[in-house]
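# Reading the structure
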Amino acid sequence: MPADRLRGAVAVAGVAESRLGEVGPGVTPLELIGEAAAGALEDAGLSKNDVDGLFTASAYYGLPTVNVGEELGIRPRYSDSTNLGGASFVSHLLHAAAAIHAGLCEVALIVYASTQRSDGGKLKSVVEVNPQEAPYRPRYPVSMFALAAARHMHEFGTTRDQLAEVAVAARAWARLTPNAFERGPLTIADVLASRMVSSPLTVRDCCLVTDGGGAVVVTSTQRARSLRRAPVVLLGAGEAHWHRAIAQMPDLTTTAAVDSGARAFAMAGVGPADVDVVQLYDAFTINPILFLEDLGFCAKGDGGPFVAGGAIAPGGRLAVNTNGGGLSYTHPGMLGIFLIVEAVRQLRGEAGERQRPGAEIALVHGNGGALSAQATAILGTLAAS
Amino acid sequence: MTGPDYQRCGDCGAAIAPRRVTCPVCGSRRLSGQTSAGRGTVYSTTTVHAREGARNVVLVDLDEGFRMMSEVVGMASDDVRIGMHVQAGDDGERIVFHAC
């Protein structure tokens, strides 16, 4: 069966976030999952008893859909805890589309939360110790992305100013987003002058550490048409991974987003020029530069010049990470679910001051591990489908 | 001075590290254990700034055709350059590299 049969088959019917930022001690990730799930189901006009497909990934729970099912009182007939790190939730969109299209479930809930900040600010992670890496004490994950940034600078002349542009653009978007975690002014000079963590990346080249949760309800486009909100249709999606450890990545300047993006665009039958708004997992400032190249928004090596001069900031040539992303909006361990939520809000035209006027097609891209797992989805309004 | 161990695929010739049962390129099980001469080139480098001081983390491309994470010792971390030729040594606990 050709993958393009999934084009338009399912739609996002509801989205919500839990409390974000710093929730304080004593709040569990499951409580934030409860907040987000209840919000998304209410948004869709559905109840937890309508949910028969459950999708989550977690750094806290070993059997995450099982924990979430118990917490919410959901008894799924389709359960998927695929863990591609931060790419998980974009991957779950594809998996939910396949399951719904195959008749294995009808209403899918994709949900995630973390209390990473209130847990003490450390990256909560079930990541295994790599015996090839441990003797050299890289700071995981920032050093892996720093190695990619250094290589990109070496091969293509990308500059630290251009990396900083990504953080500055994210902050400019966050200043238009009422609940963004960081809303103070930020300049390129501020980014360059901040504390070096793993060269060439400073602390302002790194994503936030926050608490928070998000949820997305997916169902058949046919059913979504009868629900409360305007459906946001899944036009295409793809996933790919080529390596786990950074030393196994064939070329540190090219990610498997080349494949995930090509698969998503092929299914959707659109190209980069058709995309109105882009949400890219910006764990570090090098990420959007790599993904803009690998997804075809510019040529390989041109990502630095592409983002320069405010080009991905409000009023620029391409609207990227319109709520401020992981760098300025929120980053509770894994970002993927929030990228989907923001894309849906843009396509519904409810993004307030940061709204991209007339947005019809959005691209969402998640990254997991050390530039390892990549998942891309293309969403559109009913009119664009 | 000898370098890190790796494997050579008897079918496609790929250099493989860390150790595996099957070749990740062609799937062959005909892998033979080898020891590198320890000569390589810095593929990328970062300086990790920690409370106890700065140290570098590098990826080194060994001349035999595989890549590994390591540290270049004997020089200031920020002076380590991509493209620098390096030679493996042993600091008693792990394989490290020196500029050569």
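The following refers to the structure shown. The structure displayed is predicted, hence computed values, not measured ones.

For chain B, the count of helices and strands is 0 helices and 8 strands. Put simply, chain B runs from its N terminus to its C terminus through helices and strands in the order β-β-β-β-β-β-β-β. C-alpha extents for chain B along the principal axes are approximately 45 × 25 × 25 Å. Across the 100 residues in chain B, those meeting the buried criterion constitute 37%.

Residue and element names in this part refer to chain A. Within the secondary structure layout, Leu46 lies in the loop between helix 1 (29-44) and strand 2 (53-55). For the pair Leu46 and Gly73, spaced 27 residues apart in sequence, the C-alpha separation works out to 14 Å. Ignoring anything within four residues of it in the chain, the contact list for Leu46 reads Gly14, Leu41, Val107, Val217 and Leu227.

Here we come to helix 2 (residues 64-72) of chain A. In an α-helix, one turn spans 3.6 residues; hence positions three or four apart end up facing the same way. Residues and elements named next belong to chain A. Pro64, Thr65, Val68 and Leu72 are the residues of helix 2 that are buried. On an axial view of helix 2, the arc spanned by its buried residues comes to 90°, and they lie on one face. Residues of helix 2 that are buried in the fold lie against helix 1, strand 2, strand 3 (78-80) and strand 4 (107-114). Following helix 2 by one or two positions, Gly73 adopts a phi angle in the positive range, close to 70°.

Our focus in this paragraph is the sheet that holds strand 1 (residues 5-9) of chain B. Residues and elements named next belong to chain B. Taken in spatial order, the 3 strands line up as 2-1-3 in an open sheet, and their pairing is antiparallel. Each edge of the open sheet carries a strand with a single partner, namely strand 2 (15-16) and strand 3 (31-35). As paired strands, strand 1 and strand 2 are joined by 2 bridges and run antiparallel to one another. Bridge assignment links Gln7 to a residue of strand 2, and that residue is Ile16.

Our next topic: the nonpolar core. Residues and elements named next belong to chain A. Membership of the largest hydrophobic core comes to 160 residues, with the highest contact counts inside it found for Ile110 and Leu379. Ranked by the residues each element gives to this core, the list is headed by helix 5 (residues 160-174), at 10 residues. If we ignore the near neighbours within four places in the chain, the residues touching Ile110 are Phe55, Phe89, His92, Leu93, Ala96, Ala215, Val216, Val218 and Ile337.

Listed as interface residues are 19 residues of chain A and, on the opposing side, 19 residues of chain B. For the side of chain A that touches chain B, the secondary-structure elements that each account for two or more residues are helix 4 (142-156) and strand 5 (196-198) of chain A. At 6 residues, helix 4 of chain A tops the list of elements feeding residues into the side of chain A that touches chain B. Among the residues forming the side of chain A that touches chain B, the class breakdown is 10 nonpolar, 5 polar and 4 charged.

Residues and elements named next belong to chain A. Overall, mixed pairing links the 10 strands, which are arranged 3-2-4-7-1-8-12-11-9-10 in an open sheet. Since the sheet does not close on itself, it has two edges, and those belong to strand 3 and strand 10 (319-320), each with one partner. Two elements, strand 2 and strand 4, share 3 bridges in a ladder whose sense is parallel. Each bridged residue has a counterpart across the sheet, and for Leu54 the counterpart in strand 4 is Leu109. In the packing of helix 3 (residues 88-101) onto the sheet, contacts are made with strand 1 (10-17), strand 2, strand 3, strand 4, strand 7 (212-220), strand 8 (232-241), strand 11 (361-368) and strand 12 (373-381), and the angle to strand 4 comes to roughly 165°. Of the strands in this sheet, strand 9 (277-280), strand 10 and strand 11 touch helix 9 (residues 286-294), which is tilted by about 125° from strand 9.

Moving on to the packing of helix 4 of chain A against helix 9 of chain A. All names here are of chain A. Following both chains from N to C, one finds helix 4 and helix 9 inclined at 60°, their axes separated by 10 Å at the closest point. Here helix 9 runs oblique to helix 4, going by the angle between their axes. When the axes of helix 4 and helix 9 are compared, the crossing they make is left-handed. Of the residues in helix 9, those touching helix 4 at Phe145, Ala148, Ala149 and His152 are Ile286, Ile289 and Leu290. When its residues are assigned to classes, the contact of helix 4 with helix 9 shows 6 nonpolar, 1 polar and no charged.

Reading the values: rules and limits
- Residues numbered from 1 in each chain as written.
- Chains lettered and ligands numbered in written order.
- Predicted model: local features only at pLDDT ≥ 70, side-chain atom pairs only at ≥ 80, totals over all residues.
- Helix = DSSP H or I, 4+ residues; strand = E, 2+ residues; numbered from the N terminus.
- Buried ≥ 20, exposed ≤ 12 C-beta atoms within 10 Å, placed from the backbone.
- Contact = placed C-beta atoms within 7 Å.
- Arc of directions from axis to C-beta.
- Pairing = 2+ DSSP bridges.
- Core = buried A, V, L, I, M, F, W, Y, C linked by C-beta atoms within 7 Å.
- Nonpolar A, V, L, I, M, F, W, Y, C, P; charged D, E, K, R; others polar.
- Axes fitted to C-alpha atoms, helices over the stretch in contact; angles between N-to-C directions.
- Parallel < 35°, antiparallel > 145°, perpendicular 65-115°, else oblique.
- Left-handed = near helix turned anticlockwise from the far one by under 90°.

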